[in-house]
Amino acid sequence: MAVALIALFVVYAISDMISVDADAHTQPVIIEQNKQIDIPSVPLMSFSEEGLVGSEQMIHQTVTVEKGQTLSGIFTDLGLSQALLLKIAHFNDDSKKLVKVMPGNDLHFTLSADGELRQLRYQSSKFEELIIHNDMNQLSTELITHDQEIRLVSAQGTINNSLFGAGKAAGLTDSMVMQLANIFSWDIDFVLEIRAGDSFSLIYEQIYKAGDYMGEGKILAASFTNQGTTYEAVYYETENGEGSYYAADGRAMKKAFLRAPLNFSYISSNFNPKRIHPITNRVKAHRGIDYRAPTGTPVYAAGAGRVTQAGYNKYNGNYVFIQHPNGIVTKYLHFSKKAVKKGQRVKQGQTIGYVGSTGLSTAPHLHYEFIYNGVHRNPRTVQLPKSKPLPDQVMPDFLTYSKPLLSQLSDLKTLLVAQQ
Ligand SMILES: [Zn+2]
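Residues numbered from 1 in each chain as written. Predicted model: local features only at pLDDT ≥ 70, side-chain atom pairs only at ≥ 80, totals over all residues.

This brings us to the overall build of the protein. Helices and strands together make up the secondary structure of the protein, namely nine helices and 23 strands. Each of the 420 residues in the protein was classed as buried or not, and the buried ones make up 32%. Across the protein, contacts joining residues at least 24 apart in sequence account for 63% of those joining residues at least 6 apart. (Helix = DSSP H or I, 4+ residues; strand = E, 2+ residues; numbered from the N terminus. Buried ≥ 20, exposed ≤ 12 C-beta atoms within 10 Å, placed from the backbone. Contact = placed C-beta atoms within 7 Å.)

Encoded structure:
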């Protein structure tokens, strides 16, 4: 519930901003300014057993560690003893982090008027600050984790040539494009079904610390329109803290079978406009789908199951068959190399082999078959059982949480149409 409340706040906070700049593809918006932890560098008061005794003059010294400089040398320069350094280095696990100091790091010393160390602060990692206190020769440490500042950013785009191209135009990194595609990988075949005119919009996190960009976070909500059908997904964490993507009706995006059982990024990078047009559907002719892909492209188990065959013959080349629950079998042919053995259990998305051109094959490709109760089906169109919805008791919370996000997405879509 707390998660949902924060997110709600977030969404209302950005709702005003998103319409402000219709020209920009991305609109960075600070939605939740996590409280910045201010480390008081000047402890004005000192304490005694009687309590507050008044202000004391302190000396502050920041040392930027230079190449070749040692902690020992720095302590000596400041008139601090080697015994104290040793004591700190061995005091506890936190204080040991001081030893890892690198050239370029800043050490902030606070000394008493008579030159005794009172405090030493050191940024021990991107998000962590170590503070060593020395009061009356009593050491204590504090490890402060700086809260990150999460900014929500929106992006939207339309595919002309390739998904990655459209992603780039929308200001997305390739890994964010992959993250986006992975959300919809149970509904959309990103190898064969992407068409010019397909579009997407998303709201995702950017992580900042003290104003510095640290990297991208996760996608909170996304929509993808593929050949006129729009799919939407919202990231939602259930009570146990596990986050996953759900459709607007609360059903998991994750389903029993992936639409395309291979890593499309190997293929999409070579997109050209011609390839976006529908390929000849040869499903009837040879009972499978051919994915042309470079040799070595990882091929995934479309669903969880057990490997019933992993072998070689002159027609199939290197091949793997997987038996799934409910009478479903999937077959994968012409591998350059298999990555599983007969009898092995596999998870969905597990690499079972690599694209090749072994057996009766003229060019590197994956031949993929989907068989239900002994009958070949078109894996791209076969109706699969729907995934389970969220439990009834969390549905109200999910709906409250997802509604404003989804309406943001549709605003973005409107914006996209307006731009065209
Ligand atoms: Zn084939």
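With that settled, consider the nonpolar core. Of all hydrophobic cores here, the largest spans 70 residues; its most connected members are A221 and L262. There are two domains that each give this core at least three residues, and those are domain 1 (2-33 + 150-255 + 395-419) and domain 3 (265-377). In this view, L262 contacts V191, Y291, A293, T297, P298, V299, Y300, V355 and L366; residues no more than four positions away in its chain are not counted. If you look at the next biggest cluster of nonpolar residues, it comprises 11 residues, including F75, L80, I88 and L98. (Core = buried A, V, L, I, M, F, W, Y, C linked by C-beta atoms within 7 Å. Domains from an automatic or database assignment.)

This paragraph deals with the environment of K338. By the secondary structure assignment, K338 is in strand β19 (residues 337-338). The spatial distance from the C-alpha of K338 to the C-alpha of N318 is 6.7 Å, given a sequence separation of 20 residues. Excluding its chain neighbours within four sequence positions, the residues that come into contact with K338 are A310, N318, V320 and G353.

A few words now on the sheet that holds strand β6 (residues 117-125). The antiparallel open sheet is built from five strands, whose spatial order is β4-β5-β6-β7-β8. Strands with a single pairing partner mark the edges of an open sheet, and in this sheet they are β4 (58-64) and β8 (138-145). Looking at each pair of strands side by side, their axes are set apart by 15° on average, direction ignored. As judged from the six bridges shared by β6 and strand β7 (residues 128-135), these two strands associate in the antiparallel manner. (Pairing = 2+ DSSP bridges. Axes fitted to C-alpha atoms, helices over the stretch in contact; angles between N-to-C directions.)

Another point: unusual backbone geometry. Even without glycine at this site, M136 takes up a positive phi of about 50°. Here M136 is to be found in the loop between β7 and β8. Within the chain, Q227 stands out as a residue other than glycine whose phi angle is a positive 50°.

A few words on the confidence of the model for the protein. Predicted coordinates in regions of low pLDDT should not be interpreted in detail. Mean pLDDT over the protein: 81, with 82% of residues reaching 70 or higher. Contacts from residues 1-54, a stretch scored under 50 in pLDDT, to residues over four places away or in other chains number 79 contacts. Contacts from residues 269-285, a stretch scored under 50 in pLDDT, to residues over four places away or in other chains number 14 contacts. (pLDDT = per-residue confidence, 0-100.)

So, about the sheet that holds strand β15 (residues 298-300). Reading across the sheet, the three strands line up as β15-β21-β19 and stay open at both edges, with antiparallel pairing between neighbours. In this open sheet, the two edge strands, each paired with only one partner strand, are β15 and β19. Where β19 and strand β21 (residues 351-354) come together, two bridges link them in antiparallel fashion. The residue of β21 that forms the bridge with K337 is Y354.

Next up on the list: the pairing of strand β16 (residues 305-313). In terms of strand pairing, β16 meets strand β20 (residues 345-346) through two bridges, oriented antiparallel. Bridge pairing in β20 places G305 opposite V346. Inspection of the sheet shows β16 paired to strand β17 (residues 317-324) by seven bridges, in the antiparallel sense. Counterpart to A310 in the pairing with β17 is V320. Here β16 hands over to β17 after three residues, the two strands then running antiparallel side by side.

For the rest of this paragraph, the subject is the environment of S125. Looking at the secondary structure, you find S125 in strand β6. With 12 C-beta atoms counted inside 10 Å, the residue S125 sits in the exposed group.

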